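# Examining the three-dimensional arrangement
What follows is each chain in one-letter form.
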Amino acid sequence: MKVTVLGLGSMGTALAGALLEAGHETTVWNRSAGKDEALVARGAARAATAAEAVGASPLVLACLSDYDAVHGLLDPLAGELRGRTLVNLTSGTPEQARASAAWAAGHGIGYLDGAIMSTPPGIGSPAIMLLCSGSSQAFAEYRETLASLGDPVGLGDDAGAASLYDTALLGMMWATLGGWLQGVALTGADKVDAVTFTPVAIRWTAAVNGFMSTYAPQVDAGVYPGDDATLDVHLGAIEHFVRASAARGLDPALPELLKSSIEQAVAAGHGGDGYARLIEAVRAGGRA
Ligand SMILES: NC(=O)c1ccc[n+]([C@@H]2O[C@H](COP(=O)([O-])OP(=O)(O)OC[C@H]3O[C@@H](n4cnc5c(N)ncnc54)[C@H](OP(=O)(O)O)[C@@H]3O)[C@@H](O)[C@H]2O)c1
């Protein structure tokens, strides 16, 4: 397969490397000179211009800093891109992805928007997800090639879906890592190393995954039975988290935030409901 990679920052370089590793005929281009040298030494073709790079392959991957950079580069090359497929792996908002898909459709360019759920060292592993949305025809045609980068996960025809999921998943990552750091600080204050605490924390996340599976249909149905643990029970338990954190002089922000969301729902009369009831406050801008 002939593939072009535009943008050889940390991520673009990893993408081009994985394509070469998988045996694809890979053409590379970067705005600043010099970043392609190691890839060329491994067999990549160096394009002198972005237009030459686009013309070299039916499949063009773009991985630049942001969508403005993508359009600054590719709007003048719409003619060269006509009849080819652009996979935009640049991070952005769902709205930017949808606007790019409309632009591509207007120029006869196949378009997939992608979100890479990894840092560069993970590229090439089937364990990482490559979220893809947009043209289902392009996804079917290039799925196997994209599998050289990670596991392609198709999210349907709405080009904005990959960015939407990406944003939601990164939010989840920050919240999870924030909770883990609070746990590390709490246990660390009593002389438990992070490397001792973490395997236990990882086992616990398996149980938390189970809670999400239980709560997802409740959220969709808008019915929150408190048959596993009620918000009243959570409020009693989270008080220990607040107190133990305070007793060790830790940042109270996260425990207080989580406690206050439960407290408000209980005050609004939902103490007998399950934890999934808190979705109502999230959706209502924080009001229980
Ligand atoms: N790194 C990660 O872990 C990761 C993970 C998932 C998604 N992403 C996303 O992947 C994209 C690239 O990330 P990265 O880590 O590779 O960033 P990076 O190392 O900063 O590379 C940015 C790339 O964009 C190019 N660029 C910026 N403005 C440009 C312009 N106006 N015209 C042409 N080229 C331009 C840069 O070219 P020059 O070399 O000439 O500056 C460089 O090739 C971002 O959207 C990022 O959010 C990154």
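What you see as residue numbers is a count from 1 along each chain, following the sequence as written. In keeping with the model being predicted, local features are shown solely for residues with a pLDDT of at least 70 and side-chain atom pairs are shown and tallied solely at 80 or more, while totals for entire chains, interfaces and linings include all residues. Note that the side-chain values use all heavy atoms of the structure and ignore hydrogens as well as water.

### Things to note about the site of the ligand
- A single heavy atom is enough: if one lies within 4 Å of a molecule or strand, its residue is considered near that molecule or strand. As a matter of local geometry, the ligand sits amid 19 residues, with Met11, Asn30, Ser32, Lys35 and Ser91 nearest to it.
- Within 3.5 Å is the distance limit for a polar contact, defined as a pair of N or O atoms, with the added protein rule that one can donate a hydrogen and the other accept it, and that residues adjacent in sequence qualify only through two side-chain atoms. Within the contact set of the ligand, an oxygen atom lies 3.0 Å away from a backbone nitrogen or oxygen of Ser10.
- Between an oxygen atom of the ligand and a side-chain N or O atom of Arg31, the distance comes to 3.0 Å.
- Relative to its free-state accessible area of 900 Å², the ligand is covered by the protein chains to the extent of 72%.
- The residue classification treats Ala, Val, Leu, Ile, Met, Phe, Trp, Tyr, Cys and Pro as nonpolar and Asp, Glu, Lys and Arg as charged. All others, Gly included, are polar. Grouping the amino acids of the shell around the ligand by side-chain chemistry returns seven nonpolar, 10 polar and two charged. Using the Shrake-Rupley algorithm and a 1.4 Å probe, accessible areas are obtained, with residue cover drawn only from the displayed protein chains.

### With respect to the domain arrangement of the chain
- The split into domains, and so the bounds of each, comes from an automatic or database assignment of domains. Each domain of the chain was delimited in the assignment, giving domain 1 (2–156) and domain 2 (189–283).
- Distance between the C-alpha centres of domain 1 and domain 2: 40 Å.

### Some details on the environment of Leu6
- Starting at the N terminus, helices and strands are each numbered in turn, a helix being any DSSP run of H or I of at least four residues and a strand any DSSP run of E of at least two. In this fold, Leu6 is placed in strand E1 (residues 2–6).
- As for Leu6 and Val28, which are separated by 22 residues in sequence, their C-alpha atoms are 6.1 Å apart.
- If sequence neighbours within four positions are ignored, Leu6 has contacts with Trp29, Ala50, Ala53, Val54, Val60, Leu61, Ala62, Cys63, Leu64, Leu73 and Leu74. Contacts are residue-level and defined by heavy atoms, with any inter-residue pair within 4.5 Å sufficient.

### What about the pattern of salt bridges?
- A pairing counts as a salt bridge when a side-chain nitrogen of Lys or Arg comes within 4 Å of a carboxyl oxygen of Asp or Glu. Enumeration over the complete set of coordinates arrives at eight salt bridges.
- In this structure, Arg42 and Glu21 form a salt bridge, with 3.4 Å as the shortest nitrogen-oxygen distance. With Arg42 in the loop between helix H2 (37–41) and strand E3 (45–46) and Glu21 in helix H1 (residues 10–21), this pair connects stretches of sequence that are 21 residues apart.
- Judged by relative accessible area, Arg42 falls into the partly exposed class, the value being 46%.
- Each residue gets one of three labels from its accessible area relative to the maximum for its type: buried under 20%, exposed over 50%, partly exposed in between, using a 1.4 Å probe on protein chains only. Since its relative accessible area comes to 65%, Glu21 is described here as exposed.
- Taking the shortest distance from any N to any O, the salt bridge between Glu263 and Lys259 comes out at 3.7 Å. You can see Glu263 and its partner Lys259 sitting in helix H11 (residues 253–270), four residues apart, about one turn around the helix.

### As for the nonpolar core
- Among the nonpolar cores identified, the biggest contains 29 residues, and Leu15, Leu61, Leu89, Ile116, Ile123, Leu146 and Leu149 are the most heavily contacted of them.
- Put simply, the parts of the chain that give this core at least two residues each are E1, H1, strand E4 (59–62), strand E6 (110–116), strand E7 (129–134) and helix H7 (136–146).
- A total of seven residues in this core trace back to one element, the largest contributor, which is H1.
- Those residues in contact with Leu149, other than ones at most four positions away along the chain, are Leu15, Ala18, Leu19, Leu61, Leu89, Ile123, Gly124, Ser125, Ile128 and Leu130.
- Working definition of a nonpolar core: buried Ala, Val, Leu, Ile, Met, Phe, Trp, Tyr and Cys residues. They are joined through side-chain atoms within 4.5 Å. Counting residues in hydrophobic clusters, the runner-up holds 24 residues, among them Ala62, Leu77, Ala78 and Leu81.

### Focus: the sheet that holds E6
- If you walk across this open sheet you meet the eight strands as E3-E2-E1-E4-E5-E6-E7-E8, and the pairing is mixed. The two strands at the open ends of the sheet, each matched to only one other strand, are E3 and strand E8 (151–154).
- For helices, the fitted axis covers only the stretch in contact; all axes are lines through C-alpha atoms, and the angles between them, taken along N-to-C directions, range from 0 to 180 degrees. Lying on the sheet, helix H4 (residues 67–74) is in contact with E1, strand E2 (25–29), strand E5 (85–88) and E6; it crosses E5 at an angle near 155°.
- Packing of helix H8 (residues 161–188) onto the sheet brings it into contact with E6 and E7, and relative to E7 it is tilted by some 140°. Think of it this way: DSSP has to see at least two bridges between two strands before they count as a pair.

### Some points on the packing of aromatic side chains
- For this analysis, a ring pair means two rings from Phe, Tyr or Trp (six-membered ring only for Trp) whose centres lie within 6.5 Å, classed as stacked if their planes differ by under 30 degrees, edge-to-face if by over 60, and tilted for the remaining angles. Taken as a whole and assessed by the stated rule, the structure comprises one aromatic pair.
- Here the aromatic rings of Trp204 and Phe211 are separated by 5.8 Å at their centres, their planes lie at 75°, and the arrangement is edge-to-face.
- Accessibility expressed as a relative area gives 51% for Trp204, which makes it exposed.
- The class for Phe211 is partly exposed, based on a relative accessible area of 35%.

### What to know about unusual backbone geometry
- Of note, Lys191 is a non-glycine position whose phi angle comes to about 70°, a positive value.
- Note that Lys191 resides in the loop between H8 and helix H9 (194–221).

### A word on the pairing of E4
- Alternating residues of E4 divide into Leu59 and Leu61 and Val60 and Ala62, and every residue in both groups is buried.
- Of the pairings in the sheet, the one linking E1 to E4 comprises four bridges and is parallel in character. Pairing of Leu6 across the sheet is with Ala62, part of E4.
- Looking at chain direction, E4 and E5 are connected through four bridges and run parallel. Its bridge partner being in E5, Leu59 is matched across the sheet by Thr85.

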